[in-house]
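Geometric and topological summary
For reference, the chains in residue letters:
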Amino acid sequence: MTVKIAEVIVDVAAYPVDRPFDYLIPVEMQELIECGSRVRVPFGPRSVLGFVVSIKNETDLSIAKLKPITKLLDIEPVLTSEMLTLAKWLKHETICYEIDVLQAMLPSALRAKYEKFVSLQVNVEQLSFLLQPYFTKTKKVNYKIFEKDQLLHELKIAIKQNQVVIENVVKQQGNIKEVRKVKINDSREALQSIYENISNRAKKQKLLVEWMMNHVDEVFEPKEILDEVNCSDAVLHSVMELGAAEFIHEEVFRDVFTKDVKKTDFLDLTEEQAGALKQVINAMEQKVPETFLLHGITGSGKTEIYLQAIEHCLNDGKEAIVLVPEISLTPQMTERFRSRFGEQVAVMHSGLSVGEKYDEWRKIHEGRVKVVVGARSAVFAPFENVGILIIDEEHESTYKQEDTPRYHARDVAVWRSKYHQCPVILGSATPSLESFARAKKNVYKLLTLKNRAVSHSLLPEVQIVDMREELKNGNRSMFSEKLVEAIRVRLEKKEQMVLFLNRRGYSSFVMCRDCGTVVQCENCDISLTYHRSNEKLKCHYCGFEQWVPTTCPECQSDHIRYFGTGTQKVEEEIAKLFPEARVLRMDVDTTKTKGSHEQILEMFGDGKADILLGTQMIAKGLDFPNITLVGVLSADTSLHLPDFRSAEKTFQLLTQVSGRAGRHSLPGEVFIQTYTPEHYAIELAKVQQYEPFYEREMWTRHQAGYPPYYYLALIQISHEDVLMASEYAGKAADYLRSNLSFNVSIIGPTASSISRLQNRYRYQCLIKYKVEPNLIDTFIQLIKIYRSDWIKKGIQLSVDLNPSSI
DNA sequence: AGCACGCCGACT
DNA sequence: GTCGGCGTGCTC
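Computed from a prediction, not measured in an experiment: that's the story for all the values here.

**Overview of the protein's contact with DNA strand B**
Around DNA strand B lies a shell formed by V12, A13, A14, P16, P45 and R46. The sugar-phosphate share of atoms of DNA strand B within 4 Å of the protein amounts to 50%. R46 places a polar side-chain atom, nitrogen or oxygen, 3.2 Å from a base nitrogen of DNA strand B. Class assignment of the residues belonging to the surface near DNA strand B gives a composition of 5 nonpolar, no polar and 1 charged.

Okay, structure coming up:
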């Protein structure tokens, strides 16, 4: 018999081991192990988790050198061969370790958890008396305890004397939720004989077994039986002791859907919608991996097109993947999918617990569902027969992962569409410039929806309010007179409104009124944010917290107070202006707990509040018929960020929020307050015209040499010491300058916009290029230098290809 | 990445 | 003489 050898990628993220290692497959596993299986293997002196990426009969090494696989972790492989191929591509595309990609494809529950245990080898009395108390009850104690109690030295001596050994245990994090059920004996005769042996005095027991005889081999929940037979659990237990039934453990799927939804039917499509849908269906039928850019104004019914395309896909026996930006923010969206496709839908988003995510993943893996609606990582849904991939709000930056593997879900979707020969739909009211430019060049196929789907619903009227004028007239509040008046009218008419405060960075900080000192984070060069709920100052970047100081840390003055306008402050101001208004606030503070999004939105939907006040998170997907006013308190904040996409982001945001108003029969009105009303992003958001904005912004990008005209790569270098950071950032820039061609421009190094983060000084280099075939290879060379030399000096280097922001 | 191995200086 | 510091190199 030939030997079977598995190539395994081990769970160690390091450059020298970022390649497959050969292992012998033990005979008993030969029928079970497949490509994509998770295994445990010995690796050097330890035991680690790994993924089988191929199986072969020979090896370049001597067979004697190979170690056998210790354990097969799953009967069914967790990764499809598609995922293994995709991982190799993504690894190269994003310059990261293969193991990073493989991990990103799976729910975190399937990742390994390594735990060290100290195992006692002798009698407790033989141990040093310091260690004895730990081993009185058990022979295995978690290593961490000794670390915490600072007994490592004692432990070391005990190890030397062979009193204890260290055991490394690879654990699986995923805990499958189980319920205990009662399974009734599968033989009627056995039950009969049990029945006859029960004493006549035990009436309840007799009754119970009698009942069981009518339910041979069936499974019940204990409570069901007790209710049915009307007996106590003591009776059930004694009958089970006699062997009439046994407890079994059954896996359950945690139900992530909070409430039942009514089944809904298709909506009639407008001519525009039908035309767009037809093209998508054509591509599905012809099996063309075409990417469609569905550009439709807010309220034009993009979702209905998705739903009907999916319906077609399911009828064809295929599966569908739908990506939405951070889905927990849009419960209304998931509800629409669930109400149309019911139990065939799995939902994946960051609001779920590790266990819940794992359950949803298993539904996909086991083929129990046909549709997945999820955030970025759902693009890796392990379907094997994908018929369509849909990315809603295609322009959202959340589709790009910020840390390794720095993949873009759009790229992965397009890759998978080629693999499955199926179409992709990118949907947006305000497509990213990259995508729209590709559509113009016919790389993507453009589908346009110009009209709102619900007849009579018109685009809201948008008014720009120049806040400089307000200031001149002595109004120093957050609310312009026009907006105050509009709110008053709505309150009288009992209509609802949404007030939008641009981004959370615009929150309160604490400043000394005497010397102007703003309290900063100890670890980062960033102002601390004031959180009223617990009277603390918090760093949004590293999580650092401190009490609000009573005196200025610089000049000891006690004229120190908080400034700025977080949502909390706006809420107070509303309360002053309109004491009768019922306000719901939605921001990071009020949505910390699970399900609070849904709760707030439900309350608002039920008309329990007049005003919904919030940050980014309310911009998307809200669809309430009674909203007739949208107020943007300050449109400028995102405009002046040091990022080439700031105008694009502002335009997108304003268009999004404006779209919340007047979606149904009532007409909507939008007020945008700004200090720069003449900026094109704001002017064009007012008229809600995407194409003129696109043309104008493309011109700016062309002038400045930014995407889509150029590609970008961002190199970040950090070190605890400023000089080291800047020195090595310079070395990196020099290396790139001498190894890349002349038409690549390398900007920097410059200090990053947050120049110190978690006590590390940060420098960055921006690379702009059009075509540079050896770009990735040059980066890989640079990373090699970094890994072999710089890393020892404490330098950290990262490369982000096509960064979402700079 | 982790971990063992090994070579050198400071101690019971 | 031995303990323990960290530089070096390997992991099928």
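**Let's talk about the domain arrangement of chain A**
One can read the domain layout of chain A as domain 1 (5-106), domain 2 (111-252), domain 3 (271-449), domain 4 (461-508 + 564-701) and domain 5 (711-801). The straight-line distance from the C-alpha centre of domain 1 to that of domain 2 is 33 Å. Counting the contacts that link domain 1 with domain 2 gives 0 salt bridges. There are 1 residue pair in polar contact (both at pLDDT 80 or more) connecting domain 1 and domain 2. A total of 3 residues in the side of domain 1 that touches domain 2 trace back to one element, the largest contributor, which is strand β4 (residues 46-56). Among the residues making up the side of domain 1 that touches domain 2, the classes are represented as 4 nonpolar, 2 polar and 3 charged.

**A few points about the environment of S755**
By secondary structure assignment, the location of S755 is in strand β31 (residues 745-757). Judged by its relative accessible area of 22%, S755 is partly exposed. Spatially, the C-alpha atoms of S755 and S718 are 9.4 Å apart, while their sequence positions differ by 37 residues. Excluding residues that lie within four positions of it along the chain, S755 makes contacts with D525, R760, Y761 and R762.

**A look at the pattern of salt bridges**
What the rule picks out here adds up to 31 salt bridges. A salt bridge links R488 to E485; its shortest N-O distance comes to 3.6 Å. Pair noted here: R488 and E485 are both in helix α16 (residues 481-493), with a separation of 3 residues, about one helical turn. For R490, the salt bridge goes to E669, with nearest N and O atoms at 2.8 Å.

**Thoughts on the sheet that holds strand β26 (residues 583-586)**
Two pairing modes exist for strands in a sheet, parallel and antiparallel, and in both the strands are linked by backbone hydrogen bonds. A sheet is described by the order of its strands in space; here 6 strands give the open sequence β19-β29-β28-β20-β27-β26, paired in parallel fashion. Single-partner strands in this sheet number two, and they are β19 (461-466) and β26. Here the average twist between neighbouring strands, direction ignored, is 15°. As paired strands, strand β28 (residues 627-632) and strand β29 (residues 669-674) are joined by 4 bridges and run parallel to one another. If you follow G631 over to β29, its bridge partner there is F671. Each of β20 (496-500), β26, β27 (611-614) and β28 is contacted by helix α18 (residues 596-605), which is oriented at about 155° to β26, the strand it contacts most.

Rules of the game
- Residues numbered from 1 in each chain as written.
- Chains lettered and ligands numbered in written order.
- Predicted model: local features only at pLDDT ≥ 70, side-chain atom pairs only at ≥ 80, totals over all residues.
- Heavy atoms only, no water.
- Near = heavy atom within 4 Å.
- Polar contact = N/O pair within 3.5 Å; in protein donor to acceptor, adjacent residues only side chain to side chain.
- Nonpolar A, V, L, I, M, F, W, Y, C, P; charged D, E, K, R; others polar.
- Domains from an automatic or database assignment.
- Salt bridge = Lys/Arg side-chain N within 4 Å of Asp/Glu carboxyl O.
- Helix = DSSP H or I, 4+ residues; strand = E, 2+ residues; numbered from the N terminus.
- Buried < 20%, exposed > 50% of the residue type's maximum accessible area, 1.4 Å probe, protein only.
- Contact = heavy atoms within 4.5 Å.
- Pairing = 2+ DSSP bridges.
- Axes fitted to C-alpha atoms, helices over the stretch in contact; angles between N-to-C directions.

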